[in-house]
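Here's the letter readout for the chains.
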Amino acid sequence: MAKRAQGTPLSVTPKLLDSHTRGQSHKACTSSQIFHGKSSSSGSGSGSQSCHSGMLDTEFKKALEEARDAKLLPTRAHGLATLTGLVRRMARIRREGERNSVVAKNTLDQVIKTARNVLETEEDEFLFTRAIVLLSEVGKVDTEGTLDILLEYLTDDADHALQIKIGETISQICRYVRGKGVRFSRSRSVKLLVKLVSVISAFKDDVENEKSIGDVKVRALLSASALASLGEACPLFSREVFNERANEAVTVTIDAINFSLQPQQHVQPELRRSSFFFFEQLLLTLCRDTPKVLEKANMTKLWETLRKARVHEEDTAARILAGRAAEMLERRVLT
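Keep in mind that this is a model prediction, so the values were computed, not measured. (Residues numbered from 1 in each chain as written. Predicted model: local features only at pLDDT ≥ 70, side-chain atom pairs only at ≥ 80, totals over all residues. Heavy atoms only, no water.)

### Describing the overall build of the chain
A tally of regular secondary structure across the chain gives 15 helices and zero strands. Per-residue burial for the chain yields a buried fraction of 53% across its 335 residues. The contacts of the chain with a sequence gap of at least 6 include a subset with a gap of at least 24, amounting to 74%. Counting only carbon and sulfur atoms, one obtains 50% of the accessible surface of the chain, whose full area is about 15,800 Å². (Helix = DSSP H or I, 4+ residues; strand = E, 2+ residues; numbered from the N terminus. Buried < 20%, exposed > 50% of the residue type's maximum accessible area, 1.4 Å probe, protein only. Contact = heavy atoms within 4.5 Å. Areas by Shrake-Rupley, 256 points an atom, 1.4 Å probe, with all protein chains shown as cover.)

### Considering the nonpolar core
The biggest cluster of nonpolar side chains holds 92 residues, and the ones touching the most others in it are Phe-279 and Leu-282. Discounting residues that sit within four places of it in the chain, Leu-282 has contacts with Cys-234, Phe-242, Ala-246, Val-250 and Leu-294. (Core = buried A, V, L, I, M, F, W, Y, C linked by side-chain atoms within 4.5 Å.)

### Topic: the side chain of Arg-76
Structurally, Arg-76 can be placed in helix α4 (residues 73-95). Beyond its immediate stretch of four places on either side in the chain, Arg-76 contacts Glu-66, Ala-67, Arg-68, Asp-69, Ala-70, Lys-71, Glu-122 and Leu-127.

### Comments concerning the pattern of salt bridges
Applying the stated rule across the entire model yields 21 salt bridges. Among the ionic pairs, Arg-175 bridges to Glu-232, the shortest N-O distance being 3.0 Å. Pair noted here: Arg-175 is in helix α8 (residues 160-178) and Glu-232 is in helix α10 (residues 213-233), with a separation of 57 residues, a long-range link. Its salt-bridge partner being Glu-232, residue Arg-178 comes within 3.3 Å of it at the nearest N-O pair. Of this pair, Arg-178 sits in helix α8 while Glu-232 sits in helix α10, and the two are 54 residues apart along the sequence. A relative accessible area of 30% places Arg-178 in the partly exposed class. A single salt-bridge network, built from bridges that share partners, covers Glu-144, Asp-148, Arg-188 and Lys-191. (Salt bridge = Lys/Arg side-chain N within 4 Å of Asp/Glu carboxyl O.)

### Here's the deal with unusual backbone geometry
Even without being glycine, Cys-287 reaches a positive phi, approximately 55°. Along the chain, the position of Cys-287 falls in the loop between α12 (270-286) and α13 (290-293).

### Quick look at α8
Its 19 residues give α8 an end-to-end C-alpha distance of 27 Å, which sits within 8% of 27 Å, the value for a rise of 1.5 Å per residue. When you tally the buried positions in α8, you get 15 out of 19 residues, the bulk of the element. (Expected span 1.5 Å × (residues − 1).)

### Observations regarding the packing of aromatic side chains
All told, the structure shown has two aromatic pairs when counted by the stated rule. Residues Phe-237 and Phe-242 carry aromatic rings whose centres are separated by 5.8 Å and whose planes lie at 20° to one another, so their mutual orientation is stacked. Just as Phe-237 is buried, Phe-242 falls in that class too. (Phe/Tyr/Trp six-rings, centres within 6.5 Å; stacked < 30°, edge-to-face > 60°.)

### Considering the layout of surface pockets
When its volume is computed, the second largest pocket comes out at roughly 320 Å³. Around the second largest pocket, the lining is made up of 15 residues, and of these Ile-257, Leu-261, Arg-272, Ala-309 and Glu-313 lie nearest the centre. Those elements that place two or more of their residues in the lining of the second largest pocket are α11 (239-260), α12 and α14 (296-312). Classifying every residue of the lining of the second largest pocket gives five nonpolar, three polar and seven charged. (1 Å grid on protein atoms, 1.4 Å probe; cavity = no way out; pocket = protein on both sides within 12 Å on 5 of 7 lines; lining within 4 Å. Points joined across faces, edges and corners; volume = space filled by probe spheres on them. Nonpolar A, V, L, I, M, F, W, Y, C, P; charged D, E, K, R; others polar.)

### Topic: the environment of Arg-307
Among the secondary structure elements, Arg-307 is positioned in helix α14. In sequence terms Arg-307 and Ala-326 are 19 residues apart; their C-alpha atoms lie 6.6 Å from each other.

### Side note on empty space enclosed by the protein
Going through the model one piece at a time under the given rule, you end up with one cavity of 30 Å³ or more. Counted as a void, the largest cavity has a volume near 40 Å³. Surrounding the largest cavity, Leu-154, Gln-163, Ile-164, Gly-167, Leu-196, Leu-222, Ser-225 and Ala-226 form its lining. When residues of the lining of the largest cavity are traced back to their parent elements, those giving at least two are α8 and α10. Residue composition of the lining of the largest cavity, grouped by class: five nonpolar, three polar and no charged.

### Quick look at the packing of helix α6 (residues 125-141) against α8
Close contact between α6 and α8 brings their axes to 9 Å; oriented N to C, the two are set at 25°. Comparing the axis directions of α6 and α8 gives the class roughly parallel. Two packed elements cross with a definite hand, and for α6 against α8 that hand is right-handed. Across the interface between the two elements, Phe-128, Ile-132, Leu-135, Ser-136, Gly-139 and Lys-140 from α6 touch Ala-161, Leu-162, Lys-165, Ile-166, Thr-169, Gln-172, Ile-173 and Tyr-176 from α8. (Axes fitted to C-alpha atoms, helices over the stretch in contact; angles between N-to-C directions. Parallel < 35°, antiparallel > 145°, perpendicular 65-115°, else oblique. Left-handed = near helix turned anticlockwise from the far one by under 90°.)

### Some points on the packing of α11 against α12
Axis angle and axis distance: for two packed helices, these are the angle between their axes and the distance between the axes, and together they describe the pair. Where α11 meets α12, the closest approach of the two axes is 10 Å, and the angle between their N-to-C directions is 155°. Regarding the angle of α11 to α12, the classification is roughly antiparallel. Considering only the axes of α11 and α12, their crossing is left-handed. Residue-level inspection shows Arg-239, Phe-242, Asn-243, Ala-246, Ala-249, Val-250, Thr-253, Ile-254, Ala-256, Ile-257 and Ser-260 of α11 in contact with α12, the latter providing Leu-271, Arg-272, Ser-275, Phe-276, Phe-278, Phe-279, Leu-282, Thr-285 and Leu-286. Each residue belonging to the contact of α11 with α12 can be placed in one class, and the counts come to 13 nonpolar, five polar and two charged.

See below:
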């Protein structure tokens, strides 16, 4: 994996998508025909599907060749941007029901492989960002496979900037899946929840091991990223898995908040913002089962943490989020 600077990473959100890939026109089929299953001729539906698949396959092949160009950085960047637009278009076609007319799975596997290669070998931040954006779009087409890949990078020896961007991408994918009203399987829920909780708890370990201020700050950002992902994923977890592991998640998050408030750590407020966001989403997900699922000691700690934060927290955004979570906890316990 390419070595990158370990300082505070750039705050890049995967929204830098390319206008030129959105507005491309195609002579073989118009955009309306592509998305609505009509060909330029009055042929049958199978002819339309052939048009869609053949055109997308050709465009994917060309974009993959550009993205793998070892000589020219602008060519690789254009290839990654084009792949992002094509994957987004493929997701739209799938949403409109033409699942059988889309690109073959091996083509999508090649797209994922190309993005991974950039993440592991590329030192240019622009290409690095393009690959993250591409994976966030692939996650809308192949959610399970993409999450498996992204979780592989959340390890202690992985580049910190990469891990934070991976966390942002997981959050975006989970937000997209929430809109579809589905839940993860038990095995997927366990894998994702355990990994995110381990990233959060690593912040406490760094503080207790007296790591440098710089290391602690970066670890705090990693934990904030994981907490944001955890919050977005709350309603997606298998109910059984979430109920089993909710107390552990609450405990490590409260620990992280307490350690972040130590004056000597100078930790940014992002960790507390994400923590209170997670608490709010957790309480929304548990709903009336909150008193049944959360242990009494944990509910007491959670209430004390939120009560103090909504009064004494200096960061306005964190204070508001803490207040919302506190009000929700009151409703869950008293009603």
